[in-house]
Amino acid sequence: MANPNIVNVTSIYGGNASWNLSNTLTSTLLTVSADVLVKVNSIICANVDGTNDATLNLYIDGLTTSGITGVTGTSMATAAYLAKTVNVPADDILVVIDKPIYLMENDILKGGASAASDLDLFMSYEVINDA
């Protein structure tokens, strides 16, 4: 697993993605391709149920623990939660990320809700390709 070089990019495309979350807490939402880096600008979760609260689980699986030039670590995790059983009140929103983070190639964004179809997730991102 290489660390894409963002100095020699061939393209940068902005995009948005959205999901209506199921109650399967490990649903794959997005997988990052080889030679690609995804800059996540924001993630917002909306509870579309007018009556009931719901909880959000959102995590990155397959985090790069090696191959990053100039960075070393001890006992680095290969998965990390961005939100773990965080309550989203009925008819309300939760800002999960409002500062950029990077998803490396082969990282997988996974998540789910405590109740099917109660939570909508919206993500703004940029795909940075060095292939």
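Report follows, based on the coordinates.

Calculation rules
Residues numbered from 1 in each chain as written. Predicted model: local features only at pLDDT ≥ 70, side-chain atom pairs only at ≥ 80, totals over all residues. Heavy atoms only, no water. Pairing = 2+ DSSP bridges. Helix = DSSP H or I, 4+ residues; strand = E, 2+ residues; numbered from the N terminus. Axes fitted to C-alpha atoms, helices over the stretch in contact; angles between N-to-C directions. Buried < 20%, exposed > 50% of the residue type's maximum accessible area, 1.4 Å probe, protein only. Polar contact = N/O pair within 3.5 Å; in protein donor to acceptor, adjacent residues only side chain to side chain. Contact = heavy atoms within 4.5 Å.

Some words on the sheet that holds strand 5 (residues 79-88)
Turning to step 1, where the next piece is worked out: The antiparallel open sheet is built from four strands, whose spatial order is 2-8-4-5. Since the sheet does not close on itself, it has two edges, and those belong to strand 2 (27-31) and strand 5, each with one partner. For this sheet the average axis-to-axis angle between neighbouring strands, irrespective of direction, equals 20°.
Turning to step 2, where the next piece is worked out: Direction of pairing for strand 4 (residues 54-61) relative to strand 5: antiparallel, over a ladder of seven bridges. Bridge pairing in strand 5 links leucine 58 to alanine 83.

Thoughts on the side chain of asparagine 47
Turning to step 1, where the next piece is worked out: Mapped onto the secondary structure, asparagine 47 falls in strand 3 (residues 36-47).
Turning to step 2, where the next piece is worked out: Given a relative accessible area of 3%, asparagine 47 falls into the buried group.
Turning to step 3, where the next piece is worked out: A distance of 2.8 Å separates a polar side-chain atom of asparagine 47 from the backbone nitrogen of aspartate 49.
Turning to step 4, where the next piece is worked out: Engagement of the side chain of asparagine 47 in a polar contact is seen with the backbone oxygen of proline 89, the distance being 3.4 Å.
Turning to step 5, where the next piece is worked out: If sequence neighbours within four positions are ignored, asparagine 47 has contacts with Asn52, Asp53, Ala54, Val88, Pro89, Ala90, Asp91, Asp92, Asp118 and Leu119.

Overview of the pairing of strand 4
Turning to step 1, where the next piece is worked out: For strand 4, a buried count of six out of eight residues is recorded, marking the element as mostly surrounded by other parts of the structure.
Turning to step 2, where the next piece is worked out: Taken together, the six bridges between strand 4 and strand 8 (residues 108-113) define a ladder with antiparallel strand orientation. Residue pairing in the sheet places tyrosine 59 in a bridge with lysine 110 of strand 8.

Concerning the environment of tyrosine 81
Turning to step 1, where the next piece is worked out: Looking at where tyrosine 81 falls in the secondary structure, it is placed in strand 5.
Turning to step 2, where the next piece is worked out: The class for tyrosine 81 is partly exposed, based on a relative accessible area of 45%.
Turning to step 3, where the next piece is worked out: Sequence-wise, tyrosine 81 and glycine 111 are 30 residues apart; in three dimensions their C-alpha atoms are separated by 9.3 Å.
Turning to step 4, where the next piece is worked out: Setting aside residues up to four positions removed in sequence, tyrosine 81 forms contacts with Asn57, Leu58 and Tyr59.

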